[in-house]
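What follows is the residue order along each chain.
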Amino acid sequence: MNQSKTYYITTPIYYPSDNLHIGHAYTTVAADCLARFKRMQGYDVFYLTGTDEHGQKIEKVARENNKDPKSYVDAIVANIKELWKTMLITNNDFIRTTEPRHEKVVQTLFQKVYDKGDIYLSKYEGWYCTPCETFFTERQLVDGKCPDCGREVELLQEESYFFKMGKYAPRLLEHIEAHPDFIQPESRRNEVINFIKSGLEDLCVSRTTFQWGVPVPMNQKHVVYVWFDALVNYLSAIGYLDNPEQFNRYWPADVHLMAKDILRFHAIIWPTLLMAMDLPLPKKVFAHGWIMLEGGKMSKSKGNVIDPRVLVDKYGVDAIRYYLVKELNYGQDGFYSEEALVNRINFDLANDLGNLISRTAAMIIRYFDGQIPAPGQAAAVDEELKQAASRAYEEATRQLDRLDFNAYINGVMRLVGRANKYIDETEPWVLAKDPQQHQRLATVMYNLAECIRIAVIMLTPTMPTLAQRVNEQIKFWEDVSALTWEEAGQWGLVRTGTPVQKGEVLFPRIDMKKEDTAVNESVNQEKPAVAEKTEEKKENEYITIDDFARMDLRVAEVISCEKMPKADKLLVLRLKVGDSERTVVSGIAQYYQPEDLIGKKVVLVANLKPTKLRGTLSEGMILAASDDERVEVLMVHSEIPSGSRVK
Ligand code: MSP
């Protein structure tokens, strides 16, 4: 434990114009995962989130709801706080920009930069749309009209304060060059560099067209620009004015986490403001991608949002957090669908993780009276498992430190898959039949328990209630709240004699077809993830996702097809699979004429062992559905090219 090491992580402060959706939940859960990981590593973590409550948009939506802005946002902020509680978010503080502790800091810093000569009064000229209350530049207009509502605009001048942002461009570029980790991922960093190089203008940092904001200290006609106001939250919340000791402990922030939409504010405006404020820059600004819906980006204005509360009620908080943390590939966008979510729950959590735990627990109960036995001599396969665990630990640590959440989850789940495979390889139910193999069986059980312990620790930042729930079956820990990350890096910490008992299904399988209302109990009873039957029977019931992934299914284009001479049932197909070609013999001649198939795209099992049929080498098999009378070859009807994977 090293409490002298601090870690300060922030999310954006969200607009409380409406309730939040799973896009916001993504950032907040990902940041929470990091905060928990760092705490488990012994860091003194400060995790900050909050709400950005000023500005014209908030003022407008409050008015539309016949409320004053403050009472309008109060109700939404209460919901947001409740949401974060439901999602087990461990923020250390929640900052609201309407709090006096914040407004004071905004005014102090505005004054400081003004006194320094980096903020000056001038005129802002632009095309103003009165109904939208927004200025546009000439370039933003569409056919000379407002780009938002299409109405006439007029050229107006507004007195404004400007921040000399351009002055800091060379220093910012230097900083970005000298600190490769400052803006991540890499591709975003390059975008920001190009943007700065194309020239930075001075920034308008006050408004006079509306009232709902922090008054400019030296001129009460103006309110501070909402982004100046908002960004300062990262300083005000940790006590810039009130608590210098705490401020100095946590500033500069280790990570500002957000999506790509607001990267420029954080990677250009914010650092230049900090330079003008004579404050050090944050260590890292990280922009993840967006969670999209089929119709595009989820947004309140489009009305196509997914409420995280509904999902948590339906599927449980651990499962939703797991889905979110895994969902976005590093820096990329991803698509939300309830089907994908249910698949994650069924494949990853119920099948892979849940089954590993329930099978292991069931076997330890059956073969060792519910106590984890002492291991014996390690065989090669045991060493391999042990190494997989230590690799998974190293990788997960590295991936979390670089904020590659998806790779971290995949790594841990690979270990879970490896442990499931270890059960197949060691066949404990066979060992159990031979008293000579009792010691070997004990070793296998111990190693499985050890893998579970390690995987559960590594999943804890993502699934905070998992360890407690596992503990009710396998009592690994005295106090699950005291888990440390390092424990996952050590093999052999499971205590011999640890009690194991049967528990409830950790992740019930969800039947998507029946899943239009709440998860109903009967579904869970119908397909329990914990088998009541013997291990051997269970083996036949499920395959793991890894088993499935061993099948190489490909789209293949039929380039020629003919009947096999002297064989009624066989067709010989020549298939193009990406850049290569191969021959497949298929028993479908009674159902298809060769010309029915030529030019069509079929699904090929590409890694089936080649075999000779009537003297012709058949290199694979094509998939077909059949009943007593019919056979229908599965086909792909889109532009998807041959060679593409089917999964
Ligand atoms: N108030 C500003 C932020 C000020 S920070 C000093 C703001 N608020 S917001 O409510 O619009 O939140 C934007 C952020 O919410 C994104 O940067 C991202 O963190 C999160 N997301 C909102 N929709 C999202 C998706 N569809 N997908 C992923 N993240 C999303 O901007």
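Quick note: structure is the one above.
About the cut-offs
- Residues numbered from 1 in each chain as written.
- Predicted model: local features only at pLDDT ≥ 70, side-chain atom pairs only at ≥ 80, totals over all residues.
- Heavy atoms only, no water.
- Pairing = 2+ DSSP bridges.
- Helix = DSSP H or I, 4+ residues; strand = E, 2+ residues; numbered from the N terminus.
- Expected span 1.5 Å × (residues − 1).
- Buried < 20%, exposed > 50% of the residue type's maximum accessible area, 1.4 Å probe, protein only.
- Arc of directions from axis to C-beta.
- Salt bridge = Lys/Arg side-chain N within 4 Å of Asp/Glu carboxyl O.
- 1 Å grid on protein atoms, 1.4 Å probe; cavity = no way out; pocket = protein on both sides within 12 Å on 5 of 7 lines; lining within 4 Å.
- Points joined across faces, edges and corners; volume = space filled by probe spheres on them.
- Axes fitted to C-alpha atoms, helices over the stretch in contact; angles between N-to-C directions.
- Parallel < 35°, antiparallel > 145°, perpendicular 65-115°, else oblique.
- Left-handed = near helix turned anticlockwise from the far one by under 90°.
- Contact = heavy atoms within 4.5 Å.
- Nonpolar A, V, L, I, M, F, W, Y, C, P; charged D, E, K, R; others polar.

Novice: Please clarify how the sheet that holds strand S14 (residues 291–293) should be interpreted in this entry.
Specialist: Picture the strands of a sheet paired through backbone hydrogen bonds; they go either parallel or antiparallel. Taken in spatial order, the 3 strands line up as S15-S14-S16 in an open sheet, and their pairing is mixed. Single-partner strands in this sheet number two, and they are strand S15 (296–297) and strand S16 (334–335). With 2 bridges joining them, S14 and S15 adopt antiparallel strand pairing. Looking across to S15, one finds that Leu293 is bridged to Gly296.

Novice: Help me understand helix H4 (residues 100–115), please; the structure alone is not making it clear to me.
Specialist: Residues spaced three or four apart along an α-helix point in a common direction, a consequence of the helix completing one turn every 3.6 residues. For H4, with 16 residues, the first-to-last C-alpha span of 22 Å sits near the 22 Å given by 1.5 Å per residue. Those residues of H4 that sit buried are His102, Val105, Val106, Leu109, Phe110 and Val113. The arc enclosing the buried residues of H4, seen along the axis, measures out at 130°, which places them on a common side. H4 presents Pro100 and Asp115 as exposed residues on the side facing more than 90 degrees away from its buried surface. At the exit of H4 stands Gly117, carrying a positive phi of roughly 95°.

Novice: Whenever I open this one, the pattern of salt bridges confuses me. Can you help?
Specialist: Close approach of charged atoms lets side chains of opposite charge pair. One pass over the structure, following the stated rule, counts 33 salt bridges. Lys70 serves as the salt-bridge partner of Asp74, at 3.1 Å between the closest nitrogen and oxygen. In this pair, Asp74 and Lys70 are both assigned in helix H3 (residues 69–86), 4 residues apart and thus about one turn of the helix distant. Among the residues examined, Lys70 registers a relative accessible area of 31% and is labelled partly exposed. With a closest N to O distance of 3.4 Å, Glu395 and Arg398 form a salt bridge. Of this pair, Glu395 and Arg398 both sit in helix H14 (residues 380–401), 3 residues apart, which is roughly one turn of the helix. Since its relative accessible area comes to 31%, Glu395 is described here as partly exposed. Using a relative accessible area of 46% as the deciding quantity, one classes Arg398 as partly exposed. Through salt bridges that share partners, Glu53, Lys70, Asp74 and Arg96 make up one connected network.

Novice: Please clarify how the layout of surface pockets should be interpreted in this entry.
Specialist: Roughly 360 Å³ of internal volume is contained in the second largest pocket. Lining the second largest pocket are Phe347, Ile545, Asp546, Phe548, Ala549, Met551, Arg645, Val646 and Lys647. Among the elements that make up the lining of the second largest pocket, the one with the highest residue count is helix H21 (residues 545–549) (4 residues).

Novice: What is the right way to read the packing of helix H1 (residues 22–40) against H14 from this model?
Specialist: A pair of packed helices is captured by two measures, namely the crossing angle of their axes and the spacing between those axes. The contact between H1 and H14 brings their axes to 11 Å, and the two run at 125°. Comparing their axes, H14 and H1 come out oblique. Regarding H1 and H14, the two cross each other, and that crossing is left-handed. Residues Cys33, Leu34, Phe37 and Lys38 of H1 form the contact with H14, whose participating residues are Thr397, Leu400 and Asp401. Tallied by class, the residues present in the contact of H1 with H14 amount to 4 nonpolar, 1 polar and 2 charged.

Read these as spatial facts, not as claims about activity.
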